[in-house]
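# What the coordinates show
Chain by chain, the residues run as shown.
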There are 4 protein chains.
Amino acid sequence: MAKKENNANFSRLLRKIKSKPLERELGFGKNLALDARLMNSDGSFNVERERISPWDNIYYHLISMPWRHFLALIFGFFLLLNIFFSSLYLLIGVEHFNGVQLGDTLHNFMQAFFFSSQTLTTVGYGHISPNGFVISILASVESFFGLLAFALMTGLLYGRFSRPSARIFFSDHMLVAPYRDGQGLMFRMANTSKSELIETEVQLLLVINQREENGALSRKFYPLNLEISKISFFSLSWTVVHALNDQSPIQHFSSQDLIDGNVEVLVLVKGTDETTQQQVHTRRSYVATDIVWNARFSPIVDQTAKGVPRLITKKIDQHDLLQD
Amino acid sequence: MAKKENNANFSRLLRKIKSKPLERELGFGKNLALDARLMNSDGSFNVERERISPWDNIYYHLISMPWRHFLALIFGFFLLLNIFFSSLYLLIGVEHFNGVQLGDTLHNFMQAFFFSSQTLTTVGYGHISPNGFVISILASVESFFGLLAFALMTGLLYGRFSRPSARIFFSDHMLVAPYRDGQGLMFRMANTSKSELIETEVQLLLVINQREENGALSRKFYPLNLEISKISFFSLSWTVVHALNDQSPIQHFSSQDLIDGNVEVLVLVKGTDETTQQQVHTRRSYVATDIVWNARFSPIVDQTAKGVPRLITKKIDQHDLLQD
Amino acid sequence: MAKKENNANFSRLLRKIKSKPLERELGFGKNLALDARLMNSDGSFNVERERISPWDNIYYHLISMPWRHFLALIFGFFLLLNIFFSSLYLLIGVEHFNGVQLGDTLHNFMQAFFFSSQTLTTVGYGHISPNGFVISILASVESFFGLLAFALMTGLLYGRFSRPSARIFFSDHMLVAPYRDGQGLMFRMANTSKSELIETEVQLLLVINQREENGALSRKFYPLNLEISKISFFSLSWTVVHALNDQSPIQHFSSQDLIDGNVEVLVLVKGTDETTQQQVHTRRSYVATDIVWNARFSPIVDQTAKGVPRLITKKIDQHDLLQD
Amino acid sequence: MAKKENNANFSRLLRKIKSKPLERELGFGKNLALDARLMNSDGSFNVERERISPWDNIYYHLISMPWRHFLALIFGFFLLLNIFFSSLYLLIGVEHFNGVQLGDTLHNFMQAFFFSSQTLTTVGYGHISPNGFVISILASVESFFGLLAFALMTGLLYGRFSRPSARIFFSDHMLVAPYRDGQGLMFRMANTSKSELIETEVQLLLVINQREENGALSRKFYPLNLEISKISFFSLSWTVVHALNDQSPIQHFSSQDLIDGNVEVLVLVKGTDETTQQQVHTRRSYVATDIVWNARFSPIVDQTAKGVPRLITKKIDQHDLLQD
């Protein structure tokens, strides 16, 4: 690894940081990997947790899996439930149904399957109907559990649909751009939702490899001050700026310094979604190689013919390199 | 435009503001239109966002569109789903239904349509019933998706119905009225909901065109101090007052000054709705021409025969012009 | 009224208050009744609001009306919907139904009614079924609206059932009891819910008639300091104490003084319900005649045989008068 | 009890505490048992509340009872409702059903039962159908109440499923371990949920028996300072440390001192669950005998082959005794 070979360079770099790292524990344990990134670029943490039981976190998985997986899963579950009950009907004997013409096993199974699906969904056409004690009881039980199963499925469906989420687009890169009399480390966010985001707050955390007094490398956390860290409403776009002045722990760092320190910048955004009136959180992470030096973001907001500001989301990452 | 012709006047006006504008970014980008209003009077922002995908923000649209649109939409969706499945049944052949007398295509389609709607809604009378492998499978699939579709529709229906919202009426005008030893800029709000609004907070932001050092005009934001900015409960009415004293950025401004600066006052209200115990936000915007000078609000609360205070909402904007 | 006859006494009383009343507006307007109470003892405000439209606040009414009213209402609505659709079926002609034996109008209406209710609830036995174009369309429409109507009804049912509420019992009286070296004004609350109430906060506001400089009487608000105003968890009972020391606006007031000033003490409680993890608010109001002088609350918590503290809710107001 | 025999020792111990106990009431009443623990180790309070009415807290019970109880309860309720309506049908006479072959009472009852369950679940096959005025009315009523009952059941089912909860594992023991130049009292928490916990805060409260000035023993509360009490995200594990320095009320206490004082440490955790974006609370309690002296927690986070930190939840309580 580059940074291990550049020890002299790296020690030099770390002497440059004058501010104190955060004392507070961040929930990752002490022995953080020096090479791996802490947070994936989509804001999920790059960690693993041993599964305690298969039922653990099942709600989390069902609510956050991609839509196509979810729809496949519930359709599969519907099929399985039907197959399960159909098999029971077949065992009892489909001759206990009214309206079924007996045939081979597959034919009988399909009849049971159709009856089962009509029972689970509570359609109940009735051209097939239970006729006999055991089969009537089973149909009654199936309709009961069918209602509960659909309740869960439909609850999840709507839960997923209405889940509050901050639909924030982040620029792919951070820029080091001219800012006031010096430079600033900046990235850009855009609110792509029709719903306003109110009282939006941003926090930035720098993660960097640093040498302890005992000579061991470890990852340290530094808060990065923001010029503006809270806005009343986040309607279109927001360029978040950390000024590289003498309050900054990385004031005179070069691009290579940041790479040597395996720098990662964690972005934490919090706000209130107006439609659901709920608080939403979102996260993003940038690593050293995501930082572009001496560049400036192009405008992302233009005006319509009527003079109304218009957000052009696809320009979120557009930036121009500056001549030195 | 008047304000471009009155440049001398306008520069004079801007020299009058002694306080510093807000540094914080407000999420509108930098190049705000000097002429357009920022917020519509109903509190929605006067901005546009490029649509990323047609599915984007679909929940937002469904939950916030007018009721008549919503009902038309879901009825249309129900019709379309039925037509889609009916066409499939027609393709397979309605002769695979029990209980259908064959006729011309329209007749057959209608039979398929009725069967389809009885399946989607899970009514399933059964006088028409599927008879055959393919058609039974399709009916099973339809009832499954029918349940999911109704789950979404009914979830949205209740979600719309129970959505927390601050039902606040604002006066149509702001008044410049006598206040203490001087004058105050004031507007009035009334809580028309039966549900109390608890811990209600108001913020006021002034937006004004101002000349930068480089001579360019740009829109600046100033917070306007309030005599009272938070109340424990907002039961009937509240007259919100910004004193035009020496803390005010617009202390000695005339009516024409405000128009020249294309002034807009943004009102942000936040509170807790007691029925749903959720936080609600609402907004309002006043422009320079909404301000009435030298007027006083008429009482909006009278008393019933039993001495109980009574809010007369329709008087919310009633005010009397004062003799100078 | 006693207090109008006792003007001398009353003026004396008001000179006694040294602290400044609250400047902040409380949302009741300015012309509060001097005689009426501001808040009913159940915490609802004693105010009226002109109704804007019959649909206004309909969710609030449906969610907060008593259960027996709600159940009667939705059953009535179900009946009305059925009668409406039955009448339409009757108009079209019940001869268009399969499975109906024609009879007199009442008989026919009842057949239509039964069909309608089987359609609305999506039971759809099918012994009566639509046979004909118009009647099939109508049945299809009914089942669609039936599903939506039941969605609203059942959403409301569960919404009512699961609505977060602080189930706090208040003592019927406030006591003036010995406290430290002097006296305190106190009342008692008990958490009767199985669910803990976390981070519970209490605010007390005194409302009193006071003579303005111009001689007019008006109602003024004073906050009452509490020895403890926030607790981490509110598990069993809490005796809330306002010390009648020199920070109190009513330090040397007699019982008659409080009656003369038509005193009302507003209690505002806020906490987080653990089961729903939502914030809940509740209120209570005491008037001068609810105050018992020289008394002490009896214990409300005893211990079970195993030494476990036990709340005896019915003792919430039990107090002993003290010998002078 | 040991502590009553060790009065001399105990008084010595209590003189050691220099900090002032919390004035604030904690909602348990004044006469706390000296011997019983205040909070069970699962975080529920060790208290009892007299039941006011059987309907009291029914939502709480239904939402928090174990799953197997809940499922048994709703299945039992479904059975009971069916038996209730079946009995009514039997009373009216099953000869009023179409499609029923009459038999002995049990046979008739079962037919009524099957019809009832098909009505409650709205399956409505229709091979049995009501034929007659009274029985049709009853079926109509049953389907109405069936829909409402299922609405409640399914609402509860989904409410239970989606209830926000902090899935935090706590170590079984607290350790007194080397910390900085001295020692610290510490325990460990792990977030076992896939969902991140954001802005997590911890509060520690010490409960200890202490002798009042009048000689009586009573339980007192002391806050315990934490080195870090809030973290931005709680991703894997967190070792919470109370330094046993001169700010600590129990600085020089021995193991026996803590047992003599019947010490209990209450842990209150609060955070925001990312999936539901709701605030969640959880609690834990440790008693004196849960404290292990001179031990150190073993690492709970290792790394996968790819260098990703991995939480091994089952090691949550693993610790090594230290040689003195």
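What this report covers is the structure whose coordinates are included nearby. (Residues numbered from 1 in each chain as written. Chains lettered and ligands numbered in written order. Predicted model: local features only at pLDDT ≥ 70, side-chain atom pairs only at ≥ 80, totals over all residues. Heavy atoms only, no water.)

### With respect to the overall build of chain A
Per the secondary structure count, chain A includes 7 helices and 17 strands. Looking at chain A as a whole, 58% of its 324 residues are labelled buried. Of the contacts formed within chain A by residues at least 6 apart in sequence, a portion of 68% connects residues at least 24 apart. Surface summary for chain A: the accessible area is close to 13700 Å², and the carbon and sulfur share equals 53%. (Helix = DSSP H or I, 4+ residues; strand = E, 2+ residues; numbered from the N terminus. Buried < 20%, exposed > 50% of the residue type's maximum accessible area, 1.4 Å probe, protein only. Contact = heavy atoms within 4.5 Å. Areas by Shrake-Rupley, 256 points an atom, 1.4 Å probe, with all protein chains shown as cover.)

### Let's talk about the interface of chain C and chain B
Between chain C and chain B, the residue contacts involve 66 residues of the former and 59 residues of the latter. Summing the contributions of chain C and of chain B, the shared interface buries around 5600 Å²; its carbon and sulfur component is 60%. It is R49(C), Y59(C) and F144(C) that lose the most area in chain C upon contact with chain B, and together they represent 13% of the buried surface on that side. For the salt bridge of E199(B) with K270(C), the shortest nitrogen-to-oxygen distance reads 3.1 Å. Scanning the region where chain C abuts chain B turns up 6 residue pairs in polar contact (both at pLDDT 80 or more). If you list the elements that add at least two residues to the side of chain C that touches chain B, you get β1 (48-49), α3 (58-64), α5 (105-120), β3 (129-130), α6 (133-161), β7 (197-211), β11 (264-273) and β12 (278-287) of chain C. A per-element tally of the side of chain C that touches chain B places α6(C) first, with 16 residues. One ladder, built from 2 bridges, connects strand β16 (residues 309-311) of chain B with β1(C); its direction is parallel. Within β1(C), the residue paired with R310(B) across the bridge is E48(C). (Buried area = accessible area lost by both parts, 1.4 Å probe. Salt bridge = Lys/Arg side-chain N within 4 Å of Asp/Glu carboxyl O. Polar contact = N/O pair within 3.5 Å; in protein donor to acceptor, adjacent residues only side chain to side chain. Pairing = 2+ DSSP bridges.)

### As for the pairing of strand β5 (residues 174-179) of chain C
Residues and elements named next belong to chain C. In terms of residue burial, β5 counts as a mostly covered element, since 5 of its 6 residues are buried. The pairing of β5 with strand β13 (residues 291-293) spans 3 bridges and is classified as parallel. Its bridge partner lying in β13, V176 is registered against W293. Both β5 and strand β6 (residues 182-191) contribute to a ladder of 5 bridges, which runs antiparallel. For Y179, the partnering residue across the bridge sits in β6 and is G182. Linking β5 to β6, which pair antiparallel, is a turn of 2 residues; within it R180 sits at a positive phi near 50 degrees.

### Quick word on the relation of the copies chain A and chain D
If you rotate chain A by 90 degrees and push it 0.0 Å along the axis, it lands on chain D with an RMSD of 0.1 Å. Seen this way, the second copy is the image of the first under a four-fold rotation axis. Mapped onto chain D, only 8% of the interface residues of chain A again fall at the interface, so the copies present different surfaces. (Least-squares fit on C-alpha atoms with pLDDT ≥ 70 in both.)

### Comments concerning the interface of chain A and chain D
Listed by partner, the interface residues are 66 residues for chain A and 59 residues for chain D. Summed over both partners, the interface of chain A with chain D comes to about 5600 Å²; 61% of that surface belongs to carbon and sulfur atoms. Connecting chain A to chain D are 1 salt bridge. Across the contact surface, chain A and chain D share 5 residue pairs in polar contact (both at pLDDT 80 or more). The set of elements that each furnish at least two residues to the side of chain A that touches chain D consists of β1 (48-49), α3 (58-64), α5 (105-120), β3 (129-130), α6 (133-162), β7 (197-211), β11 (264-273) and β12 (278-287) of chain A. In terms of residues, the side of chain A that touches chain D owes the most to one element, α6(A), which gives 16 residues. Grouping the constituent residues of the side of chain A that touches chain D by class yields 34 nonpolar, 22 polar and 10 charged. (Nonpolar A, V, L, I, M, F, W, Y, C, P; charged D, E, K, R; others polar.)

### A few points about the side chain of D290(C)
With respect to the secondary-structure elements, D290(C) resides in the loop between β12 and β13. Those residues within four positions of D290(C) in sequence are excluded, and the remaining contacts are D172(C), H173(C), M174(C) and S285(C).

### Regarding the relation of the copies chain C and chain B
Note on the identical chains: chain C maps onto chain B by a rotation of 90 degrees and an axial translation of 0.0 Å, with an RMSD of 0.1 Å. Comparing contact sets, just 8% of the residues at the interface of chain C also lie at the interface in chain B, consistent with a heterologous contact between different surfaces.

### A word on the pairing of strand β9 (residues 230-234) of chain D
Here is the key point about a regular strand: its side chains alternate between the two faces of the sheet. Residues and elements named next belong to chain D. Burial runs high along β9: 4 of the 5 residues are buried. Sheet topology note: the strand β7 (residues 197-211)/β9 ladder contains 4 bridges and is antiparallel. Residue I198 lies in a different strand from β9, and its bridge partner there is F233.

### Thoughts on unusual backbone geometry
Residues and elements named next belong to chain B. Of note, the phi angle at T122 is positive, near 60 degrees, even though the residue is not glycine. Looking at where T122 falls in the secondary structure, it is placed in the loop between α5 (105-120) and β3 (129-130). The phi angle at E199 is positive, at roughly 50 degrees, despite the residue not being glycine. Position of E199 relative to the elements: it lies in strand β7 (residues 197-211). Given the relative accessible area of 22%, E199 is considered partly exposed.

### Some remarks on the packing of aromatic side chains
Residues and elements named next belong to chain A. Applying the stated criterion across every chain yields a total of 84 aromatic pairs over all chains. Geometrically, the ring pair formed by F75 and F78 is tilted, given 6.3 Å between the ring centres and 45 degrees between the ring planes. Here F75 and its partner F78 are both found in helix α4 (residues 67-92), 3 residues apart, which amounts to about one turn of the helix. According to the relative accessible area criterion, F75 is partly exposed, its value standing at 26%. (Phe/Tyr/Trp six-rings, centres within 6.5 Å; stacked < 30°, edge-to-face > 60°.)

### As for the sheet that holds β1(C)
As a general point, the strands of a sheet are linked pairwise by backbone hydrogen bonds and lie either parallel or antiparallel. Spatially, 3 strands are ordered β15(B)-β16(B)-β1(C) in an open sheet, and the strand pairing comes out mixed. Only two strands of the sheet have a single partner each, and these edge strands are β15 (301-303) of chain B together with β1 of chain C. With 3 bridges joining them, β15(B) and β16(B) adopt antiparallel strand pairing. Note on β16(B): the bridge partner recorded for D302(B) is R310(B).

### Details of the environment of L148(D)
In this fold, L148(D) is placed in helix α6 (residues 133-162). As a C-alpha pair, L148(D) and F84(D) span 64 residues in sequence and 16 Å in three-dimensional space. Beyond its immediate chain neighbours, meaning those up to four positions away, L148(D) contacts I74(C), T154(C) and L157(C).

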